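Descriptive analysis of the structure
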Amino acid sequence: MNKFEILKKYFGYDQFREGQEILIDAVLRGRDALGIMPTGAGKSLCYQVPALLFPGITLVISPLISLMKDQVQALNQAGVHAAYINSSLSENQIAKALALAAAGQYKIIYVAPERLETPGFLHFARQADISMVTVDEAHCISQWGQDFRPSYLKIVQFIRILPTRPVVSAFTATATERVREDILCVLGLKEPEILVTGFDRKNLYFVVETPRKKEAYVKDYVAAHPGDSGIIYCATRKNVDMLYQHLAAEGVPVTRYHAGLGNEERRRNQEDFIYDRAPVMVATNAFGMGIDKSNVRYVLHYNMPQSLENYYQEAGRAGRDGEPAECILLYSPQDVMVNRFLLESKEQNPEFTWEELAAIRERDEERLRVMNYYCMTKNCLRTYILQYFGEKGNGDCGNCGNCRKESVERDVTEAAGHIIDCILEMHGRYGINVVAGTLAGDNRAKLREYGVSGYPSYGSLKEMSEAGIKEIINQMLMEGLLAVTPDKYALLKVTKAAEEVRNSTRAVLLKEWKKEPETAEPAKKGKSAAGKRRSDILNSRGLELFERLRSLRTEIARQQNMPPYIIFSDKTLVDMCVKAPRNKAEMLQVTGVGENKFARYGERFLEEIASFTGGVPGKFYFGEWC
Ligand code: ADP
Ligand code: ZN
């Protein structure tokens, strides 16, 4: 078989995605490889396809026990012999698995890095025919990253003691320049093929909303997306419990997760979510590590997270299957205060020196500020995210809340000039509240106390509201015309770039929405982008069929005690509705249906489709045939 036949037979796909083929070809030629691709890009296939073509075993080193189980389940479903070896198994089970592995039973074996040192595993590895070692979540090897795992450093030694050096491939979704160098260097990759694809997740729709009643917003949103799986992140346990109870009282199949719950309850709730028994999860950021659920259709943030890094990681848990999904952040200005409080009460590592702690604190403040600007910007949200992570966005993505709203631009250069003057007069001693109050000519006690009425710019923008002045200041901060001190006082400073405004070579423009943006009542706005997309493709009959197939999938998943998305992804179900296959040959044309999946489930899905369509061809279930 060649790689295309493997792709079709085991995974049910017709084409490789961007980047996959380059990496697969490289390792098949015996070259090392490093793949840096965003979540959902399809990293797993990059080592699973070659694993099936290599003569020997592929060892996959992965840090997360739950992910291993998931991957192995999915592979076995696809008809690939795979196993995992980690601390969730008993010694007895491990011995058994190793014996089977030594006998050549498995093409792919997942192991935790700690395992590489144990005598039993070493004994096996020295005698086995290992074609490739794959390091998943390779950023764990770097001390610069957030998820450093000391046991990852053992991988190199392990590879060295093997009788013949296998191909080494490494994959990660998160890698700054520094982390990337660590991976290359520490892992000792030899002239590797390096592939970096963009971090953009095109299927995710980003939007920031500022509803007056967040709770009502969430209720309406969840009610408008029945049957869909989603995660709602809250900043505090208290919020999780509150929201969980409200949704449960509405009859939503919801569960929750936070560090205050016992181990057993957390495990059970997580499983209820993964198995779609409770497709809606309300959680703190403690939830999500190692969750590979592909059919999450929305991630709502009830509060603003502490950094854009956190936000993109959490929001990125939506839409791993490549189908449209929504990432909605519910913003209120108090969120900044809540986060600052959380940062201040964060436990500090006692090993750090005072200077190090101060540096961490500054970095945290800076991250919080970047996050806050995300919530305030009126420019393309996707571009904002991509630029922050060092990529170019093209300005207008057309698939974010801001790109979809109509805006007009107002020239505020003159006001910006007054703002600059004011800050200079004050010698940068004050923050945004005092500056805005002074310019507006406010007479509150605190300002009197500072004696601000003595500054020449006192009241120079008195025709504007303080909120309006703050908006311009924020715009200037985002454009780098102003800066703030990196501490909690956030004193305003004028940057060098502001010269251009003062000598009239640069204009400051403020975007405004044409109409008041609708925020409070999402349900009335009709279907969400993700919902629209499914219904863009399918008409009402098609959507009915989709629901039937989704129920069948749930039923089979329960019988087999397996997560539904491992049986078929949402994307596959939509494609089934579009193609409405009538026989095996037609069913095998559906994306994600390979020979083995067909053998397991094909007939049941064909029957369900036939009973619904009565044999009418697929074109009646999408497009204009309503
Ligand atoms: P990652 O590990 O990069 O986050 P996965 O390997 O989990 O991503 O893949 C994400 C999804 O994309 C999975 O459902 C996978 O089956 C699907 N996928 C991967 N490669 C292809 C392909 N060539 N064609 C269609 N779907 C694919
Ligand atoms: Zn956009």
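Structural data are supplied above this passage.
Quick notes on the rules
- Residues numbered from 1 in each chain as written.
- Chains lettered and ligands numbered in written order.
- Predicted model: local features only at pLDDT ≥ 70, side-chain atom pairs only at ≥ 80, totals over all residues.
- Heavy atoms only, no water.
- Pairing = 2+ DSSP bridges.
- Helix = DSSP H or I, 4+ residues; strand = E, 2+ residues; numbered from the N terminus.
- Axes fitted to C-alpha atoms, helices over the stretch in contact; angles between N-to-C directions.
- Phe/Tyr/Trp six-rings, centres within 6.5 Å; stacked < 30°, edge-to-face > 60°.
- Donors = N, O, S within 2.8 Å, 3.2 Å for Na, K, Ca; no water.
- Tetrahedral: all angles 85-135°; square planar, octahedral: opposite > 155°, others 65-115°.
- Buried < 20%, exposed > 50% of the residue type's maximum accessible area, 1.4 Å probe, protein only.
- Contact = heavy atoms within 4.5 Å.
- Polar contact = N/O pair within 3.5 Å; in protein donor to acceptor, adjacent residues only side chain to side chain.

Structural notes on the sheet that holds strand E4 (residues 108-111)
Here we have seven strands laid out as an open sheet, ordered E3-E4-E2-E5-E6-E1-E7, and parallel in their pairing. Only two strands of the sheet have a single partner each, and these edge strands are strand E3 (82-85) and strand E7 (193-196). Each strand of the sheet is rotated relative to its neighbour by a mean of 15 degrees, with strand direction disregarded.

Things to note about the packing of aromatic side chains
In total, this model carries 16 aromatic pairs according to the counting rule given. Between the aromatic rings of Tyr374 and Tyr384, the centroid separation amounts to 5.8 Å while the plane-to-plane angle is 55 degrees, which identifies the pairing as tilted. You can see Tyr374 sitting in helix H14 (residues 354-376) and its partner Tyr384 sitting in helix H15 (residues 381-388), a full ten residues away along the chain. In this structure an aromatic cluster arises from ring pairing among Phe206, Tyr312, Tyr388 and Phe389.

Describing the coordination of the zinc ion (ligand 2)
The protein atoms that coordinate the zinc ion (ligand 2) are Cys380 (SG), Cys397 (SG), Cys400 (SG) and Cys403 (SG), at distances of 2.3 to 2.4 Å. The coordination sphere of the zinc ion (ligand 2) comprises four donor atoms, whose angles at the metal cover 102 to 119 degrees; the geometry is tetrahedral. Residue Cys380 is classed as buried on the basis of its relative accessible area, which comes to 4%.

Some remarks on the sheet that holds strand E11 (residues 280-283)
Read from one edge to the other, the open sheet built from six strands follows the order E8-E13-E12-E9-E11-E10, with strand pairing classed as parallel. The sheet terminates laterally at strand E8 (204-209) and strand E10 (254-257), the two strands that pair on one side only. When strand polarity is set aside, the average angle formed by the axes of neighbouring strands in this sheet is 15 degrees. Sheet analysis places strand E9 (residues 229-233) next to strand E12 (residues 296-301), joined by five bridges and oriented parallel. Its bridge partner lying in E12, Tyr233 is registered against His301. In the packing of helix H12 (residues 308-315) onto the sheet, the strands contacted are E8, E9, E12 and strand E13 (325-330), and the crossing angle to E12 comes to about 150 degrees.

Section: the environment of Lys511
By the secondary structure assignment, Lys511 is in strand E17 (residues 509-513). For the pair formed by Lys511 and Asp411, sequence separation is 100 residues and the distance between their alpha carbons is 9.0 Å. Not counting chain neighbours up to four residues away, the residues in contact with Lys511 comprise Lys378, Asn379, Ser407, Val408 and Glu409. Side chain to side chain, Lys511 and Asn379 meet in a polar contact 3.5 Å long.

Notes on the side chain of Ser169
As for its placement among the helices and strands, Ser169 is situated in strand E6 (residues 167-172). The class of Ser169 is buried, set by a relative accessible area of 1%. Those residues within four positions of Ser169 in sequence are excluded, and the remaining contacts are Val27, Ala33, Met132, Val133, Thr134 and Val135.

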